[in-house]
Amino acid sequence: MQAPRVYQNWLLLPPHDPHKSTENWVESASISLLRELLVRHAEIRKIGRSRFHGTLQQKNQLWKESRNYLRQAISNFDAAMQVPNRSACLLYYYSMLNFAKAELLNVQASAIVNRRIRHGLSFSPTKARTIRGDSLVVQDGVFKLLYEHRTGHSIKPGTRLRIVDILANVPEISTQLEVTQIATSRVRGLLQMIALTQSEGWVILAMPTPLTEAHQASVNKAVSKLFQRTNTPVEWRNHFALSRRHSILEFYESKEIVPLKRYPNGDFNIDDLLALTWKLHPILGLTTDESWDAWVAPYVSSVPMPPSLARYALTYYASSLVRYRPSMFDADDHPEQAYLFDAIARECARPMLIDTLCGIEDTDHFFYASGSLRN
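Residues numbered from 1 in each chain as written. Predicted model: local features only at pLDDT ≥ 70, side-chain atom pairs only at ≥ 80, totals over all residues. Heavy atoms only, no water.

Asker: Describe the pairing of strand β9 (residues 249–254), and please don't skip the residues or the numbers.
Answerer: Judged by how many residues are buried, β9 sits mostly within the fold: six of six residues are covered. Along β9, one buried face is formed by Leu 249, Phe 251 and Glu 253 and the opposite face, lined by Glu 250, Tyr 252 and Ser 254, is buried too. Bridging between strand β7 (residues 200–208) and β9 involves five bridges; their strand directions are antiparallel. Pairing of Met 207 across the sheet is with Glu 250, part of β9. In the sheet, strand β8 (residues 227–230) pairs with β9 via four bridges, with the strands oriented antiparallel. Note that in β9 the partner of Arg 229 across the bridge is Tyr 252. (Buried < 20%, exposed > 50% of the residue type's maximum accessible area, 1.4 Å probe, protein only. Helix = DSSP H or I, 4+ residues; strand = E, 2+ residues; numbered from the N terminus. Pairing = 2+ DSSP bridges.)

Structure representation (structure tokens):
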């Protein structure tokens, strides 16, 4: 490993698409806040139709469709919150399905409005035997459209997604995966720092040591094309704004250095710097945890699978079992599976609302607890 380059200043920004708007909240992402932010799209005309294009009549018609999908989604979500175990996954899935249709209306209205559209995933619960052996199959429908809208990548009908791989890409259940040993988490957190001199800049990424060798192999190919591992930077805790309690990290420096483009007032354009990390976007997921700037998630079946899509697919799978094979979650016969899917229902609810908000508004939202930005 080589010594890191010397820089004079630095910025702390999460990875995101430089061509996409962002919004930072000095407030944690509570379910009540997220629900309120989504409700405004259903109940306030000016906000609800602002994301649609066309004539006023066309915007009003799309908003009418959107607000009713949103109202159904919110009703199902509210009901799911009252269910204390994995049975809530059925309501959560129908909530997410309606949210997804609302999200897709401004990019795929012709496939949604007055159309019978399939789920976009198939699974035979009557043939299910074990979670370790189950898979979902991609079809034309909502999931395929949602996948392509959120990732910018196509996914072929017939693609088989193993449940254990989907589970491994959901960061909120890493502890439960370790306890049940049904799968092994493959998601890592990532921190980003933009290093600056007077005339140029580059990116330094920090990640914890790999959780598994398999994860290291799957991510290394993408990272090594653009970044090189370095020795630990001087004063890294201070520069990354981390406490002494934080564990040791690995550091990666962008191979490319970007000249700073300054404005007349002395400020500079950071889009080219953000683009250095965004080249990794197939393995990046928007953070839903204030401890990290992004999630790093490996491919599943040779296609990108960020946590937002993994959560959606997993909720579909759980809802199918709740409907047709509830014995798969029998707490006496299958206690590990019951324990795991209770956690999925409990832990994925808030992150799925963040995924939905970002998708509907086409804006990356970042939440920071009040006071967390103070030294």
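Next comes the rest of the write-up.
Asker: Just give me the short version of the packing of aromatic side chains, but keep the residues and values in it.
Answerer: Counted by the stated rule, this structure contains 13 aromatic pairs. With a centroid separation of 6.0 Å and an interplanar angle of 10 degrees, the aromatic rings of Trp 25 and Phe 367 are classed as stacked. Residue Trp 25 is found in strand β2 (residues 21–25), and its partner Phe 367 is found in strand β15 (residues 363–367); the two are separated by 342 residues along the sequence. You'll find Trp 25 and Phe 367 in the same group, each marked buried. Ring centres of Phe 143 and Tyr 147 lie 6.1 Å apart, and the angle between their planes is 45 degrees; on these two criteria the pair is classed as tilted. Here Phe 143 pairs with Tyr 147, and both are found in helix α5 (residues 142–151), just four residues apart, close to one helical turn. Among the aromatic residues, those joined into a cluster by ring pairs are Tyr 93, Tyr 94, Phe 143, Tyr 147, Tyr 312 and Tyr 316. The lysine or arginine in question, Arg 67, covers the ring of Trp 63, its NZ or CZ lying 4.4 Å from the ring centre. (Phe/Tyr/Trp six-rings, centres within 6.5 Å; stacked < 30°, edge-to-face > 60°. Lys NZ or Arg CZ within 6 Å of the ring centre and 35° of its normal.)

Asker: With reference to specific residues and values, describe the layout of surface pockets.
Answerer: Taken as a whole, the second largest pocket holds about 580 Å³ of empty space. For the second largest pocket, the lining is made up of 28 residues, of which Lys 20, Arg 150, Thr 151, Trp 278 and Asp 364 are closest to its centre. Put simply, the parts of the chain that give the lining of the second largest pocket at least two residues each are α5, β13 (284–286), α11 (307–324) and α13 (349–361). (1 Å grid on protein atoms, 1.4 Å probe; cavity = no way out; pocket = protein on both sides within 12 Å on 5 of 7 lines; lining within 4 Å. Points joined across faces, edges and corners; volume = space filled by probe spheres on them.)

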